[in-house]
There are 2 protein chains.
Amino acid sequence: DGDVVTLAHGAGGEAMRTLVDDLVVPRFTDADRTAEADGAGVGLAALDDGAVHPIGDGSQAIVVTTDSHVVTPRFFPGGDIGRLAVAGTVNDLAVMGATEPLTLTCSFVLEEGTPIADVERVVESMRETAREAGAAISTGDTKVMGNGEVDGIVINTAGVAHVEADDAVTDAGLRPGDAVVVSGTMGDHGIALLAEREGFDFTGDLKSDVAPVNDLVRAAMDAGEVTAMKDPTRGGLANALNEMADKAGVGIDVVEGDIPVSGAIASAGEVLGIDPFAVANEGKVVFGVDPDDAEAVLEAIRDCPGGEEVTIVGHATEDHPGRVVVDTGFGRRYMSEPEGETLPRIC
Amino acid sequence: DGDVVTLAHGAGGEAMRTLVDDLVVPRFTDADRTAEADGAGVGLAALDDGAVHPIGDGSQAIVVTTDSHVVTPRFFPGGDIGRLAVAGTVNDLAVMGATEPLTLTCSFVLEEGTPIADVERVVESMRETAREAGAAISTGDTKVMGNGEVDGIVINTAGVAHVEADDAVTDAGLRPGDAVVVSGTMGDHGIALLAEREGFDFTGDLKSDVAPVNDLVRAAMDAGEVTAMKDPTRGGLANALNEMADKAGVGIDVVEGDIPVSGAIASAGEVLGIDPFAVANEGKVVFGVDPDDAEAVLEAIRDCPGGEEVTIVGHATEDHPGRVVVDTGFGRRYMSEPEGETLPRIC
Ligand SMILES: Nc1ncnc2c1ncn2[C@@H]1O[C@H](COP(=O)(O)OP(=O)(O)OP(=O)(O)O)[C@@H](O)[C@H]1O
Ligand SMILES: Nc1ncnc2c1ncn2[C@@H]1O[C@H](COP(=O)(O)OP(=O)(O)OP(=O)(O)O)[C@@H](O)[C@H]1O
Ligand SMILES: [Mg+2]
Ligand SMILES: [Mg+2]
Ligand SMILES: [Mg+2]
Ligand SMILES: [Mg+2]
Ligand SMILES: [Mg+2]
Ligand SMILES: [Mg+2]
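As the structure is a computational prediction, the values presented were derived from the model and not from experiment.

What counts as what
Residues numbered from 1 in each chain as written. Chains lettered and ligands numbered in written order. Predicted model: local features only at pLDDT ≥ 70, side-chain atom pairs only at ≥ 80, totals over all residues. Heavy atoms only, no water. Helix = DSSP H or I, 4+ residues; strand = E, 2+ residues; numbered from the N terminus. Rg over C-alpha atoms; globule rule 2.2 N^0.38 Å. Buried < 20%, exposed > 50% of the residue type's maximum accessible area, 1.4 Å probe, protein only. Contact = heavy atoms within 4.5 Å. Areas by Shrake-Rupley, 256 points an atom, 1.4 Å probe, with all protein chains shown as cover. Lys, Arg positive; Asp, Glu negative; His and termini not counted. Charge placed at Lys NZ, Arg CZ, Asp CG, Glu CD. Donors = N, O, S within 2.8 Å, 3.2 Å for Na, K, Ca; no water. Phe/Tyr/Trp six-rings, centres within 6.5 Å; stacked < 30°, edge-to-face > 60°. Lys NZ or Arg CZ within 6 Å of the ring centre and 35° of its normal. Salt bridge = Lys/Arg side-chain N within 4 Å of Asp/Glu carboxyl O. Expected span 1.5 Å × (residues − 1). Pairing = 2+ DSSP bridges. Axes fitted to C-alpha atoms, helices over the stretch in contact; angles between N-to-C directions.

On a plain count of helices and strands, chain A comes out with 9 helices and 14 strands. Here chain A has a C-alpha radius of gyration of 19 Å; the compact-globule value for 347 residues is 20 Å, and the two agree. Relative to its full complement of 347 residues, chain A shows a buried share of 62%. Sequence-distant contacts in chain A: of pairs separated by 6 or more residues, those separated by 24 or more amount to 82%. Of the roughly 11900 Å² that chain A leaves accessible, carbon and sulfur atoms contribute 45%. A gap of 4 Å separates the mean positions of the 22 positive and 63 negative side-chain charges of chain A.

Bringing the coordination of the magnesium ion (ligand 7) into the picture now. Residues and elements named next belong to chain B. Binding of the magnesium ion (ligand 7) to the protein goes through Asp 67 (OD) and Asp 92 (OD), at separations of 2.1 Å. Taken as a pair, the magnesium ion (ligand 7) and the magnesium ion (ligand 5) show a spacing of 3.8 Å, with Asp 67 coordinating each metal. With Asp 67 in strand S2 (residues 60-69) and Asp 92 in helix H3 (residues 81-94), this pair connects stretches of sequence that are 25 residues apart. Of the residues examined, Asp 67 reaches a relative accessible area of 12% and is grouped as buried.

Summed over the entire model, instances satisfying the criterion amount to 0 aromatic pairs over all chains. Lying across the ring of Tyr334(A), Arg323(A) places its NZ or CZ 3.8 Å from the centre.

Think of it this way: four donors in a tetrahedron around the metal ideally sit 109.5 degrees apart, and six in an octahedron ideally sit 90 or 180 degrees apart. Those protein atoms acting as donors to the magnesium ion (ligand 8) are Asp67(A) (OD) and Asp141(B) (OD), and they sit at 1.9 to 2.1 Å. A spacing of 3.7 Å is found between the magnesium ion (ligand 8) and the magnesium ion (ligand 4), which share Asp67(A) as a donor. Highlighted residues: Asp67(A) in strand S2 (residues 60-69) and Asp141(B) in strand S6 (residues 137-145), drawn from two different chains. By the burial criterion, Asp67(A) is buried, and Asp141(B) matches it.

Attention now goes to the pattern of salt bridges. Taken as a whole, this structure holds 54 salt bridges over all chains when the rule is applied. For Asp67(B), the salt bridge goes to Lys143(A), with nearest N and O atoms at 3.7 Å. With Asp67(B) in strand S2 and Lys143(A) in strand S6 (residues 137-145), this residue pair bridges two chains. Exposure class is identical for Asp67(B) and Lys143(A). Each is buried. The salt bridge partner of Glu225(A) is Arg175(A), with a shortest N-O separation of 3.4 Å. In this pair, Glu225(A) is assigned in the loop between helix H6 (214-223) and strand S9 (226-230) and Arg175(A) in the loop between strand S7 (153-164) and strand S8 (179-182), connecting sequence segments 50 residues apart. Several salt bridges share partner residues, and in doing so they unite Glu14(A), Arg17(A), Asp49(A), Asp171(A), Lys230(A), Glu243(A), Lys247(A) and Glu337(A) into one network.

The periodicity of an α-helix, 3.6 residues per turn, causes residues three or four places apart in sequence to face the same way. Residues and elements named next belong to chain A. In a regular helix each residue adds 1.5 Å, so 18 residues correspond to 26 Å; helix H4 (residues 116-133) covers 26 Å between its end C-alpha atoms and thus fits that length. What H4 keeps buried is the set Ile 116, Asp 118, Val 119, Val 122, Val 123, Ser 125, Met 126, Arg 127, Thr 129, Ala 130 and Ala 133. Just beyond H4, the residue with positive phi is Gly 134, at close to 65°.

What follows is about the sheet that holds strand S5 (residues 101-111) of chain A. Residue and element names in this part refer to chain A. Strand order across the open sheet formed by 5 strands is S1-S2-S7-S5-S6, with mixed pairing between neighbours. The open sheet has two free edges, formed respectively by strand S1 (51-55) and S6, since each of these has just one partner strand. Strand-to-strand twist in this sheet, taken as the mean axis angle between neighbours without regard to direction, amounts to 15°. The pairing of S5 with S7 spans 7 bridges and is antiparallel. Across the sheet, Leu 110 pairs through a bridge with Ile 153, a residue of S7. Each of S5, S6 and S7 touches H4; the most contacted strand, S5, lies at about 165° to it.

Any functional reading would require information that these geometric values do not contain.
As structure tokens, this is what we get:
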């Protein structure tokens, strides 16, 4: 038929999932023997943050993930496209339980005419972010498209980790009663980017939260039983919670007033008409945690850089399976999945 | 300074290598502990087709590679961007000695307005090519850029394999006396693409050779001692041989008349002013082979689809280290590294 790709297909919400579900999953999963051969792996059909491939006798596994980054502007308050690319891939590995990356790949698609100095600055930023995360970058690719054929710099990073198979954590493991924990303030990346792009002049510091979270995730996993994890990137907290509820077949109840949002981001969100719960975070994690371990996990995260505002925002429940219900203080409403098409190229 | 990215930086030759050598390698290698910790791995500094990471006790290793694809048109004689993306990554793993991919990743950057039917056709082609190669695709990403912000479809595929560490083969292993073998005709992909793009109407079938070569590589490795391998993609045979000579510190002597080139490609190359030895192949391999095993390896390759025209084109020598000398029948000349900037977006 005459359907075409729209910006919504890149927004991480319903439209993208439909595209992937309809077009990609049925075609790729029948060749996806490796991941799901014996039920131990996590394959494409799980639509998780990455895939888990058992190797050898199955006690070990390889975790793999990938993301392309097209953010504009390439340098923004709090980070740049290089930091985003490295942190994004480190974080998708981390939320699969793989907190020690074996290596990352680095593939550039560059527009003819891009200043070499910009490429250099981006490479330097990738190096620094990789160091921060304890990650290596060991292979890559460089392609150039003509002037006007691509806007600036596109970076793909794939990530690979080698883990004990038991360490893998999916985004589908929530159980009724589990505490739902967010590692810090919501909405920083998306709202800072949009404010920057709109040229708005807000007081306070609006900046992206982009950062590797693998150390924070390791601390959480060492402190107690983490039952599910996800990094709330495109589609934000709303998308992450809805996916976690849907995949686990549980409901999630959250208290709006308990969800950390910085004052500056909240104000900017209001002016811009953007919900901080519906836009990308790039240095945050949503955890499901065994209720008995919740306090210990909270304390461990609070001691990590970037984890100072960790909060229990709600819990999983047998009620309203697949739905996320927010207590606003005035009543209860569903937190629905964002469409998100208003925010292209923030990641 | 005021330098900018040029099309030559994407052509796989000197300009790209300088960019990677100057900007990337010094920054990324100091964090690249994993690959080269004990000298057993192949890290970024080797600038090989992929990286090799020893795991566990070092008897096993993980091979990783990545390529982005920006070819235009997206459907071309003999293949399409999806087949290119899957075969390209399978082949970079294969020439590292990793002929059984554990999994591939699939990341799309799509232009708003691209027909969904085109995306579907590309996904279908990726599925078919993956099956042909016995490869799984288990994770991916989808980003959308606005109309005019990227031209059509960009695909990144990364590939991961799990091998016995001993099986890894680099592009640096040539020894004086080794036979230099090419698995089939040279120049097909690059010249078919350019002819198609120029709208030329040649007789004969000009089509891309794009195909996975992992089975052919496996057959070769099982038949005898393969000392070095490379897939002659951007920069073609000339680039591959020069790199192999340079890295091994040996010379290479080849006989021009022995290098297989199809009649149609040779004619088209003449009309277009393109050297079949200087443009991309996407389903071919250049091997260094122990001279005692050369006949056995040749026979094994000849039995594989795509290997029918396998030929010994020359040998490595102690003379003229780092240089490739061609016997043209009328005399001898250096086969120099192509600049290649005349052929953007053929991969
Ligand atoms: N082109 C594609 N091919 C294969 N799988 C895909 C593709 N695009 C997305 N997916 C799959 O869809 C799921 C959701 O992808 P998504 O990119 O939203 O995850 P994410 O990387 O965690 O989020 P973000 O990209 O916002 O950081 C993942 O399991 C991913 O593997
Ligand atoms: N942006 C980059 N970051 C890190 N390494 C890079 C980058 N670009 C290229 N490289 C490295 O440079 C070397 C040459 O890359 P190149 O892409 O030419 O190899 P290839 O994939 O075998 O060829 P082709 O891309 O033509 O198929 C490889 O070792 C690759 O890892
Ligand atoms: Mg994720
Ligand atoms: Mg991601
Ligand atoms: Mg490459
Ligand atoms: Mg290669
Ligand atoms: Mg390649
Ligand atoms: Mg993604």
